[in-house]
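# Structural overview
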Amino acid sequence: MKKLTFKIRKGTKNLILGLSILGILGLAAKHTAIARKASPTIALVGMVASMKKKGIWETATPETKAFAEAQDEAMKGLVDLETLDEKLKGYAALSLEEKGLTKEQMAEFKDMVDGYKAIAIKLKKLEDSGLNGKGENPVMAALKDEKGLFQKFLKKQEKSIDMELKSAETMDDGNMTGSTLGYRVPGIGQLPVRAPFMLDIFTTVPLGSLEFIKFMDQTTITRNAQNVAGIATSNSTTNVTWQEYNIQITKVRDFIYLNIDMLSDYDFVLGELQRLINSSVILKADNGLLLDNGVYPNLHSVNEKSSEFSAANTLGGTITAFAGTVQSPNFYDLAVCMASQIVALGQDKSYMPDTILLNTVDEFKQLLVKDNLNQYLLPPFVVRNADGTEIKIKGMKVRSNPNVPANTCYVFDSSKGTIYMRKGFGLEMAYNNNNDFEHEVATMKGYMRLNLLIRNVDANAFMKCSNITAALATLATA
């Protein structure tokens, strides 16, 4: 049975009760002749009688008396609580044949009876607190305290009145009396912290218990195939050399001290501390994957491997420089120029840029690009999703984050980088550090062991522009 939730104002309790009783009796009448057995003309203990019994009728205002009498008139013919309870007990004693109900209908009727009892208890509490003066409604109390000002206001003798309501401790909601406690909002408010974004850009490979990643790259290669006439002899200088390299797994670690009692007294403390350690370690690793210099124990990073974009670069005479060739350049133009150089360095085959990293505020600035008529511009090679939260430039997904330096961007082929991680993320807690046990202090430690591998032969798949403003000026036509 669904729970019934309702609000009752003073003076309307018997009306709600009457409606509840009619609903119960109506269910029985729907299936059987019970409506004829339980006469609807049983005397009702009305509001007037109740007020007289409690000794508050003589002191009631004329308006209150009139309302009580009108309500009793409207409620004639309904059953009071005591009489209805007796009728329900008598009805429950009848057999199913006498009731004229099926088993399913009888189960439904029992649910209604249980609901009636719950409503009756609620109404009894409200009656006790409303009619006998206990826990008086704060609005009524305020009106009484005004010493006739409200009556003067009704008679238009006063143009305005001010009322001060008593505190919440005088209110009764049926569940808590005399309490000044407020609603406690669950959880703890979190200070702003940026989201990590580097770990999900690259493929991650679990490393087990190994400490080093070893790899071999070509260092030089000579291709000297020749045309040969018939069976004539030929000479070839084709040659290739390799070299072995390695990178070492490095550890990112953080820890925090905590009082053991806090873990027993406050359930939320452990979760809060775990979140703190998790975010601290992950954000440190995230920063390292973007900006570290690769000198152990620092991580290898995108910034370390990226070459600097130059609009004047011809890549050894293999392409035409972009400097001075773009009319009214914007960031979208710069991203395309950088991507084209990366593709050229990969011989139009090996590298295919798919990711652009940009400062968050700088990304929003790109949304404001307009033409001379103040109309917003969106190049044909730029695509936004339906809600505008994702932008792709020539197929390259733009990823923004506050950790990317302002006025800086990175363009690269993410398939050319791999994160090797050993044992994932670790979280440990102990109190055997120095005199922690004596002082009942525990140490919580979180750590990650990982590194980013970008092969030497794939370094040209990564490019950065450390000054977007200056680069756009260089690209612009005279």
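Shown above is the structure to which this text applies.
Residues numbered from 1 in each chain as written. Predicted model: local features only at pLDDT ≥ 70, side-chain atom pairs only at ≥ 80, totals over all residues. Heavy atoms only, no water.

### Overview of helix H15 (residues 468-475)
Here is the rule: For every residue, the accessible area (1.4 Å probe, protein chains only) is compared with the maximum for its type, and the residue is labelled buried under 20%, exposed over 50%, or partly exposed between those bounds. Under the scheme used here, helices are H or I runs from DSSP no shorter than 4 residues and strands are E runs no shorter than 2 residues, and both carry numbers assigned from the N terminus. Here the arc refers to the set of directions running from the helix axis out to each C-beta atom. Whenever two N or O atoms come within 3.5 Å, that pair is a polar contact, provided that in protein one can donate a hydrogen and the other can accept it, and provided that, for residues adjacent in sequence, both atoms are side-chain atoms.
Burial in H15 covers these residues: Ile468, Ala471, Leu472 and Leu475. Viewed along the axis of H15, the buried residues span an arc of 100°, placing them on a single side of the element. Among the exposed residues of H15, those oriented more than 90 degrees off its buried face are Thr469 and Ala473. Sitting at the head of H15, Asn467 places a side-chain oxygen 3.4 Å from the backbone nitrogen of Thr469.

### A look at helix H13 (residues 331-345)
The periodicity of an α-helix, 3.6 residues per turn, causes residues three or four positions apart to be oriented the same way. Note the cut-off: Multiply 1.5 Å by the residue count of a helix minus one, and that product is the helix's expected span.
A rise of 1.5 Å per residue sets the reference length of H13, with its 15 residues, at 21 Å; its end C-alpha atoms lie 21 Å apart and thus fit the reference within 8%. A large share of H13 lies buried, amounting to 11 of its 15 residues. What H13 keeps buried is the set Phe331, Tyr332, Asp333, Leu334, Ala335, Cys337, Met338, Ala339, Gln341, Ile342 and Val343. The backbone nitrogen of Tyr332 lies 3.0 Å from a side-chain oxygen of the residue at the head of H13, namely Asn330. After H13 finishes, the residue Gln347 shows a positive phi value of roughly 60°.

### Focus on unusual backbone geometry
Between Tyr296 and the following residue, Pro297, the backbone shows a cis peptide bond with an omega angle of 10°. Position of Pro297 relative to the elements: it lies in the loop between helix H11 (267-291) and helix H12 (302-305). In this model, Asp348 sits at a positive phi of 60°, which is unusual for a non-glycine residue. In this fold, Asp348 is placed in the loop between H13 and strand E6 (355-358). Here Lys394, not a glycine, exhibits a phi torsion of approximately 50°, which is positive. Following the sequence through the fold, Lys394 ends up in the loop between strand E8 (391-393) and strand E9 (396-400). Judged by its relative accessible area of 60%, Lys394 falls in the exposed class.

By themselves, these observations are geometric and do not establish any function.
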